[in-house]
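Letter by letter, the chains look like this.
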Amino acid sequence: MAQAASKTCEVCLSAPGSQYCIDCEEYYCENCKLLHNRQKLSRSHQFQKASDLIPEGKSKCSEHKEELTLICNTCNAQICTRCVTGKHNGHTFSQIVDVIVQLRGDNETKLRGKTNEANSNIKKIEEGLNAFDNSVESVIKAINDEGNMIKRMVDKSVAQMIALVKEQSKKEKDKLMNMLSDAKSVLVDGQTLERKRNELDKTRQDGSLVQKINNLKDEIDKLHISSLPEFPKISFSRKSVAEGDIRQLIGTYNISNCAPVLEKTEQIHGRLYRCSRCGREKIDSLELK
């Protein structure tokens, strides 16, 4: 394999090796790269700018002084080819490059799933905010319509009720805005990890890359996608005008609250619910079949 320090074309040995063939692991000048891509056997080879390569030293076996190219699945250790017939005889092995490919694929899949879920949550929260705003406006209009019917006698009560609707609806909106902010933070963190993943794709595939990819895997696993609660709803119930409390003449409104949010479903003892308003948890028992 070509060393990262070599910047001379390894074919003509005269021009600068500005291009790196990932398949052949060799440096090429521009002219030799064109010839390489014209050959039938190497037409599909992928090139990368030599300046983009991240130099990495090869890991050596402490016993045989050979490059570590395998992972012993039995011992979970990096080994060279000579270790296979030595103290690791009879064990199962994997190529380091294959492990790297698998880890990269797993990380990419998990990261894509979590960023997709974060995007979906953001969309649903924004839609919920818009729908809730429209419902709030509709209720305020209904309250005003009822208040106008009773005219001056109920003006004070109308103003008080509208203020209360706005106050309580603001609390519900604030909770949704907090959830929206959390979802966007997860998305930003996911995008940052995506950039790290792309940078690792440029790294030479050797034993030292396994730990870096595993570290990235741990960071991805720490991304937490919160469960969505049921979004608040508001409605207005009209009441017939009659003598009595002016506020009751206007009508009543209701903002849904304390709707249980299913947090976990795989508990033997029951299901854990969290109140979307007060945050308290409750366990409902499940009947075992």
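The numbering scheme is per chain: residues are counted from 1 as the chain's sequence reads. The predicted origin of the model limits local features to residues at a pLDDT of at least 70 and limits the giving and counting of side-chain atom pairs to 80 or more, whereas totals for whole chains, interfaces and linings rest on all residues. The basis for every side-chain value is the complete set of non-hydrogen atoms in the structure, without hydrogens or water.

Student: Give a detailed account of the sheet that holds strand β3 (residues 47-49), specifying residues and quantitative values.
Tutor: Strand-to-strand pairing in sheets goes through backbone hydrogen bonds, with the strands running parallel or antiparallel. Any two strands with at least two DSSP bridges between them are considered paired. Only DSSP runs of H or I with at least four residues qualify as helices, and only runs of E with at least two residues qualify as strands; both kinds are numbered from the N terminus onward. The three strands lie next to each other as β2-β1-β3, forming an open sheet whose pairing is antiparallel. Bordering the open sheet on either side are β2 (26-28) and β3, each of which pairs with just one other strand. Neighbouring strand axes in the sheet, compared pairwise and without regard to direction, differ in orientation by 35° on average. Two elements, strand β1 (residues 19-21) and β3, share three bridges in a ladder whose sense is antiparallel. Directly across from tyrosine 20, in β3, lies its bridge partner glutamine 48. Together, β1, β2 and β3 form the strand contacts of helix α1 (residues 30-38), whose direction differs from that of β2 by roughly 110°. Lines fitted to C-alpha atoms define the axes here, with helix axes fitted over just the stretch in contact, and angles between the N-to-C directions of these axes take values from 0 to 180 degrees. Any two residues having at least one pair of non-hydrogen atoms within 4.5 Å are treated as being in contact.

Student: Mind laying out the side chain of glutamate 172, listing which residues take part and the relevant values?
Tutor: Relative to the helices and strands, glutamate 172 is located in helix α3 (residues 155-201). Judged by relative accessible area, which is 5%, glutamate 172 ranks as buried. Definition of a polar contact: a pair of N or O atoms within 3.5 Å, with one able to donate and the other able to accept a hydrogen when the atoms are protein atoms, and with sequence-neighbouring residues admitted only if both atoms are side-chain atoms. A polar contact of 3.1 Å, which involves the side chain of glutamate 172, links it to the side chain of lysine 175. To sort residues, take the accessible area from a 1.4 Å probe on protein chains only and compare it with the maximum for the residue type: under 20% means buried, over 50% means exposed, and anything in between is partly exposed.

Student: Residues and numbers for helix α4 (residues 207-221), please.
Tutor: One fewer than the residue count of a helix, multiplied by 1.5 Å, yields its expected span. If you check α4, its first and last C-alpha atoms are 22 Å apart, about what 15 residues at 1.5 Å a residue would give, namely 21 Å. Elements in contact with the buried residues of α4: β4 (70-72), β5 (77-79), α2 (96-150) and α3.

Student: Give a detailed account of the sheet that holds strand β6 (residues 93-95), specifying residues and quantitative values.
Tutor: As summarised here, the arrangement of the three strands in space is β5-β4-β6, forming an open sheet in which the pairing is antiparallel. Both edges of this open sheet fall to β5 and β6, since each of them pairs with a single strand only. The average angle at which neighbouring strand axes cross in this sheet is 35°, direction not considered. In the sheet, β4 pairs with β6 via three bridges, with the strands oriented antiparallel. What sits directly across from isoleucine 71, in β6, is serine 94. Against the sheet, α2 touches β4, β5 and β6, its axis set at about 75° to β6.

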